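Structure assessment
The primary structure of each chain is shown beneath.
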Amino acid sequence: MPSTIFKHFYERNDLPIVCSFSGAVRGIQWKVPLEALDYHHYLPVFFEGLREIEDPCMFLADKGTDDLLKEGGEKILPVLPQLILPIKSALQTKRKEVVVKTLKKI
C-alpha cells in the first residue's frame, strides 16, 4: 500500500497535532484551535490518513478526524467533494479495520 500524504505531512511536522500521554492513556493535542484550521486543506488529509495501519499515524488520523468532524459544523459541507477520493481509496484497501473505521466516519 503506498504511503499517504498524512504520513508525509506527519514526518515533516506539518500537521497541527501531536500525541499526548496522561499516564498510560494516549490522546491527541492540537497545536492550534480547531476553529482556526483550514478544513479544505486538513480534513481531506486526515481522511486519507485513515488508510494508515501503523502507529502513531493510524491513531492520530483516527482521533484527529473525529475531532474535526465533531467541531467542524458548517465548515464540513463545502469540503465533502474533496473527501470522495480519500474515502474511496480507504474503502478499496479491503482491510477490515480501515474499511470499518472509514465507514464509521461517514
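Further up the page is the structure itself.
Residues numbered from 1 in each chain as written. Predicted model: local features only at pLDDT ≥ 70, side-chain atom pairs only at ≥ 80, totals over all residues. Heavy atoms only, no water.

Each helix and strand in the protein was counted, giving 5 helices and 2 strands. On C-alpha atoms alone, the protein measures out to a radius of gyration of 13 Å, which is about the 13 Å that the 2.2 N^0.38 rule sets for 106 residues. Along the first, second and third principal axes, the C-alpha set of the protein runs to 35 × 30 × 25 Å. Pairs at least 24 residues apart make up 67% of the contacts formed inside the protein by residues separated by at least 6 positions. Split by element, the accessible area of the protein, about 6,300 Å² in all, is 56% carbon and sulfur. Of the side chains in the protein, 15 bear a positive and 14 a negative charge, and the two mean positions are spaced by 6 Å. (Helix = DSSP H or I, 4+ residues; strand = E, 2+ residues; numbered from the N terminus. Rg over C-alpha atoms; globule rule 2.2 N^0.38 Å. Contact = heavy atoms within 4.5 Å. Areas by Shrake-Rupley, 256 points an atom, 1.4 Å probe, with all protein chains shown as cover. Lys, Arg positive; Asp, Glu negative; His and termini not counted. Charge placed at Lys NZ, Arg CZ, Asp CG, Glu CD.)

Moving on, we come to helix 4 (residues 80-92). Taking 1.5 Å per residue, 13 residues should reach 18 Å; helix 4 reaches 19 Å between its end C-alpha atoms and fits that length. All of the buried residues along helix 4 are Leu 83, Pro 86, Ile 87 and Ala 90. Buried-residue contacts for helix 4 involve helix 2 (39-48) and helix 5 (96-105). Backbone geometry just downstream of helix 4 places Lys 94 in the positive-phi region, at approximately 60°. (Expected span 1.5 Å × (residues − 1). Buried < 20%, exposed > 50% of the residue type's maximum accessible area, 1.4 Å probe, protein only.)

By the definition in use, this model includes 2 aromatic pairs. The interplanar angle of 70° and the centroid separation of 5.2 Å between the aromatic rings of Phe 6 and Phe 46 together place this pair among those described as edge-to-face. Placement of Phe 6 in helix 1 (residues 5-11) and of Phe 46 in helix 2 is noted, with a sequence separation of 40 residues between them. For the pair shown, Phe 6 and Phe 46 are each scored as buried. (Phe/Tyr/Trp six-rings, centres within 6.5 Å; stacked < 30°, edge-to-face > 60°.)

Moving on, we come to the pattern of salt bridges. Opposite charge on two side chains permits them to pair, given that their charged atoms come into close proximity. All chains considered together, the criterion is met by 7 salt bridges. Between Asp 14 and Arg 12 there is a salt bridge, with the nearest N and O atoms lying 2.3 Å from each other. Since its relative accessible area comes to 31%, Asp 14 is described here as partly exposed. Asp 66 serves as the salt-bridge partner of Lys 105, at 2.6 Å between the closest nitrogen and oxygen. Linking Lys 105 in helix 5 with Asp 66 in helix 3 (residues 57-72), this pair joins segments that are 39 residues apart in sequence. Overall, Asp 66 belongs to the partly exposed group, its relative accessible area being 31%. Residues joined in a network through salt bridges with shared partners are Asp 62, Asp 66 and Lys 105. (Salt bridge = Lys/Arg side-chain N within 4 Å of Asp/Glu carboxyl O.)

Attention now moves to the nonpolar core. With 24 residues, the main nonpolar core has Phe 6, Leu 15, Trp 30, Tyr 39, Leu 43, Phe 46 and Leu 68 as its most contacted residues. Of all the secondary structure elements, the ones that give two or more residues to this core are helix 1, strand 2 (25-30), helix 2, helix 3 and helix 4. Looking at this core, the element that brings in the most residues is helix 2, giving 6 residues. Ignoring sequence-local partners within four residues, the contact set of Leu 68 consists of Trp 30, Leu 34, Leu 37, Tyr 39, Tyr 42, Leu 43, Phe 46 and Ile 76. (Core = buried A, V, L, I, M, F, W, Y, C linked by side-chain atoms within 4.5 Å.)

It is worth stressing that arrangement in space is one thing and function is another; only the former is reported here.
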